[in-house]
Every structure is written in structure tokens, then in C-alpha cells.
Amino acid sequence: MTHPMLTVLKRRAAVGLLPLLLPIAALAQVGVQRLDGADPKAAVSALVWYPTQAQSQAQRIGPFSLEVAADAAPAPGRRPLLLLSHGTGGHELGHAWLAQGMVARGWIVLTLRHTADNYQDRSAIARADFFEQRARQLSRLLDQLLADARWRDRIDAARIAAFGHSAGGHSVLALVGAKPDPARVVAHCSPGGAGLTSDAVMCGLGGPRRADSAAVMQQTVPMDVSDPRIRAAVVAAPLVVPLQPASLQALRVPVWVEAAGRDEVLTARLHALTLCGRPRVHCHVDEGAGHFASFQSGTGPLPADGIDPACDPPGFDRVAWQHAALQRIAGFLAAALP
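Each chain has its residues counted from 1, following the order in which its sequence is written. Only residues with pLDDT of 70 or above have their local features reported here, since the model is predicted, and side-chain atom pairs are shown and tallied only from 80 upward, although totals for entire chains, interfaces and linings are computed over all residues. Side-chain measures were taken over the full set of non-hydrogen atoms in the model, leaving aside hydrogen atoms and water.

What follows concerns the side chain of Arg 278. Its location among the elements puts Arg 278 in the loop between strand S9 (255-260) and strand S10 (281-286). Within the buried core, Arg 278 has no salt-bridge partner, and the shortest N-O distance to an opposite charge, that of Asp 181, equals 12 Å. Contacts described as polar in this section are N or O atom pairs within 3.5 Å, which, within protein, must combine one atom able to donate a hydrogen with one able to accept it, while residues neighboring in sequence count only if both atoms come from side chains. At 3.5 Å, the side chain of Arg 278 and the backbone oxygen of Pro 245 are in polar contact. In terms of polar contacts, Arg 278 uses its side chain to reach the backbone carbonyl oxygen of Thr 274, at 2.8 Å. By definition, residues are in contact when any of their heavy atoms lie within 4.5 Å. When sequence neighbours within four positions are dropped, the list of residues in contact with Arg 278 reads Pro 245, Leu 248 and Gln 249. Numbered from the N terminus, helices here are DSSP runs of H or I no shorter than four residues, and strands are runs of E no shorter than two. Here the term buried applies to any residue with accessible area under 20% of the maximum for its type, exposed to any over 50%, and partly exposed to those in between, with areas from a 1.4 Å probe on protein chains only. Counting rule applied: Lys, Arg positive; Asp, Glu negative; His and chain ends not counted. The working definition used for a salt bridge is a side-chain nitrogen of Lys or Arg within 4 Å of a carboxyl oxygen of Asp or Glu.

Set out below in C-alpha cells:
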């Protein structure tokens, strides 16, 4: 069954689209297919992006500009895989620039719309198991992809990496050994915690938590939701406070951090910058970047709770940042998973 979005991709060639971030036609062409029957406990929808020999075409879906060959046959060969986890309230196309760029370099990429934490439904964010379940969703979807007859022989299971932005960064760090510790959120955002004054946007994102949910979070012990199949990780403007600090000292794979010095959602010194200097962690800090630097550029204003993900700090060039970030991320992953 073809994803409705991909049916639209086939029927409507967009005119006058914003230019792509990279001249991907000179590299591999980019195919995209729906992962049929994506586990509903893990994803509202999921897309597989992959190299193809078919010609990509410029398309526009809602606010997103793409250059893809919808439902084209995959190019032959086994390839590394990148899982991509969006931030809270996100979308499976929200980091299409990265999916396209990594496919152009020979990777397969899996993007998803997290169940109960996406732009249409954020009901999970107030639940006590929010921090645990996001990571488990990624593992469940990976299970499904590796069992899928269309994809299992095309993926090099020894070269699987994950990328996450914001809450997705938390989820990816949890996959590689950091332990979700919900009690830290309650302490951080309670009277006397640093969050109320120094991290107010983060503390407000969940809205008022039910008293019973907060009580459960306070009593929850740090949990291990790691997935040994993930061999390298990249996180951008990650949510870090809800992770046990001791576990961050024992991450089992190399991690690349893209830290935003002007992060207006997650105060960098309390989140991304706390990772820098830890074992196996490599940090790149852009003092001019805002929280949404890694979100797809060229969307125009987007309706969203809080800060519009299309907005940047004054003087910041998101397209240029993403072009450079792709080179950094691709270089890191090539070295980590040769």
C-alpha cells in the first residue's frame, strides 16, 4: 500500500520550489517509501529513504520541499542505516535535509512520526513513561525494519547509527547507554530547581503534569533502554537533564553533539554542553545557532506551541548551517562506522 503522502508526491510536481541544500543529483538519487504497517505503538507513520537509480523529482508536501523518487526500486548493495528521531511535536519530514544528504552518501535512513508525540498529538509528554517509551519506539521500529523482507538484506546490521534532535536527542542517548531518570525532571522543574529560572521553556513544554504522574516520575529509578545494535549516535540540541549523569560517563559508542549556543528552548549549559568532555563524546558548538537549526529550512512560519520551529536567532543562516552540519555528521559517521 502506498502512503497517501507518496501518492501526492507522484501526482504533483511542484514548481518554483526553494533550492535544495545539496546538489544530490550529482551523488546518489534519493528514493523514499512508506514502511508499510509501521508498529502503531511506535510510529504514526515511518519512511525509508534509500539510494536508487531512478531520477529524483522536486516535490512539495505541505511546508516541506523534497527531491525524491517516490516508491522507486532501491539500488543494489548492503548499506549502513541511520535512524532519525524528531523532537517533541515533530514530523517524519522535519529533518529531510539530513535524510537526503545521508542517502546521497550511500546510507539508508529511517524516519518516523513518534506515536503520541508529534505535531498532531503530544499526549505522551505528560505521561510518566514519556522518556522511556520514545527510545523503545525506535527499537521497535528497528525490529520491524530488520525483519522486513524488502529491507533486511539491504542493511548492514554492523553499521547502524541514530540521530536525534531535542527530545529525539534524549531518546538516542538512551539507546546508547544513558539512563532515563524522570525524577530529575521533577526536581529540575520544581521550586528550588534550576529549571524554573534558568530553563523555563523546557519546564513549560510538558504543561502542568498531573500530580499522580509527577509522583510516579519521582519514584521511578533510572532505567536501561539501550539497544546494542546502535553503534554510533549524533544528537542536536539534545534534551539531557532527564538522563542519569553517571550513565553519561559510560556511553558505549562514540557520540557527536551539535550544540546550539543560542538555544532558546533547552538552555545549552544545562543540556548539550553538559555532554562535552565526557568519554566518547565529540562536541561542535555553534554560538549563533538556535534550538531549531537542524529542523528543515524553507518551511515558512509553522503553527506550533511555543517557539515557531521555522524561526532562527537574528543573523543565523540555517541553510548554511545545515550544509556544514551535514559534512560534519557524515564525516563523523564514516569514521565511527567504517
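To continue, consider the sheet that holds strand S2 (residues 43-52). Any two strands are treated as partners once DSSP identifies two or more bridges connecting them. Ordered by their spatial adjacency, ten strands build an open sheet running S3-S4-S1-S2-S6-S5-S7-S8-S9-S10, and the pairing between neighbours is mixed. Every interior strand has two partners, whereas the edge strands, strand S3 (57-61) and S10, have only one. Strand after strand, the sheet turns through a mean of 30° between neighbouring axes, direction not considered. Pairing of strand S8 (residues 232-236) with S9 involves four bridges; the strand directions are parallel. Angular values range over 0 to 180 degrees, each being the angle between N-to-C directions of two axes fitted as lines to C-alpha atoms, with helices fitted over their stretch in contact.

With nine of nine residues buried, helix H4 (residues 167-175) is to be regarded as a mostly interior element. Positive phi shows up at Gly 177, right after H4, with a value of about 120°.

Once that is clear, we can look at unusual backbone geometry. Phi is positive for Ser 166, which is not a glycine, with a value near 60°. Secondary-structure assignment places Ser 166 in the loop between strand S7 (155-165) and H4. The exposure class assigned to Ser 166 is buried, which follows from its relative accessible area of 7%. The backbone of Arg 280 sits at a positive phi, close to 70°, despite the residue not being glycine. Locating Arg 280 in the fold gives a position in the loop between S9 and S10. Taking relative accessible area as the criterion, Arg 280 reaches 42% and is therefore assigned partly exposed.

Time to look at the pattern of salt bridges. All told, the structure shown has twelve salt bridges when counted by the stated rule. Asp 117 serves as the salt-bridge partner of Arg 134, at 2.7 Å between the closest nitrogen and oxygen. Placement of the pair is Arg 134 in helix H3 (residues 130-147) and Asp 117 in the loop between strand S6 (108-114) and H3, with a sequence separation of 17 residues. Arg 134 gets classed as buried once you look at its relative accessible area, which sits at 3%. Looking at Asp 117, the relative accessible area reads 1%, which means it is buried. In this structure, the salt-bridge partner of Arg 150 is Asp 148, at a minimum N-O distance of 2.9 Å.

Within soluble globular proteins, side chains that are nonpolar generally end up buried alongside one another. Throughout, nonpolar core names a set of buried Ala, Val, Leu, Ile, Met, Phe, Trp, Tyr and Cys residues whose side chains join them through atoms within 4.5 Å. Counting residues in hydrophobic clusters, the biggest one holds 53 residues, and the most contacted among them are Trp 49, Leu 82, Leu 98, Met 102, Val 109, Phe 163 and Leu 333. Top contributing element to this core by residue count: helix H10 (residues 318-336), with seven residues. In this view, Leu 333 contacts Leu 82, Met 102, Trp 107, Ala 161, Ala 232 and Val 234; residues no more than four positions away in its chain are not counted. In this structure, Ala 69, Ile 108, Ala 174 and Ala 233 belong to the second largest nonpolar core, which totals 44 residues.

All right, on to H3 then. In an α-helix, one turn spans 3.6 residues; hence positions three or four apart end up facing the same way. To estimate the expected span of a helix, count its residues, drop one, and scale the result by 1.5 Å. Here H3 spans 26 Å end to end across 18 residues, near enough to the 26 Å set by a 1.5 Å rise per residue. Looking only at H3, the buried set comprises Phe 130, Phe 131, Glu 132, Arg 134, Ala 135, Gln 137, Leu 138, Ser 139, Leu 141, Leu 142, Gln 144 and Leu 145.

Let us now look at the packing of aromatic side chains. Within 6.5 Å between ring centres, the rings of Phe, Tyr and Trp (the latter by its six-membered ring) count as paired, and their orientation is classed by plane angle as stacked under 30 degrees, edge-to-face over 60, tilted in between. Overall, the coordinates contain five aromatic pairs when judged by the stated rule. Where Tyr 50 meets Trp 151, the ring centres are 5.1 Å apart and the plane angle is 50°; that geometry is what we call tilted. Within this pair, whereas Tyr 50 is found in strand S2, its partner Trp 151 is found in the loop between H3 and S7, the two being separated by 101 residues in sequence. Overall, the relative accessible area of 1% leaves Trp 151 in the buried class. Between Trp 256 and Phe 332, the aromatic rings sit 5.6 Å apart at their centres with planes inclined by 40°, giving tilted as the arrangement. Taken together, the positions of Trp 256 in strand S9 and Phe 332 in helix H10 put the pair 76 residues apart, joining distant regions of the chain. Residue Trp 256 shares its accessibility class with Phe 332, and that shared class is buried. In this scheme, Lys NZ or Arg CZ marks a charge over a ring once it lies within 6 Å of the ring centre and within 35 degrees of the ring normal. Sitting above the plane of the Trp 321 ring, Arg 328 keeps its charged end 5.8 Å from the centroid.

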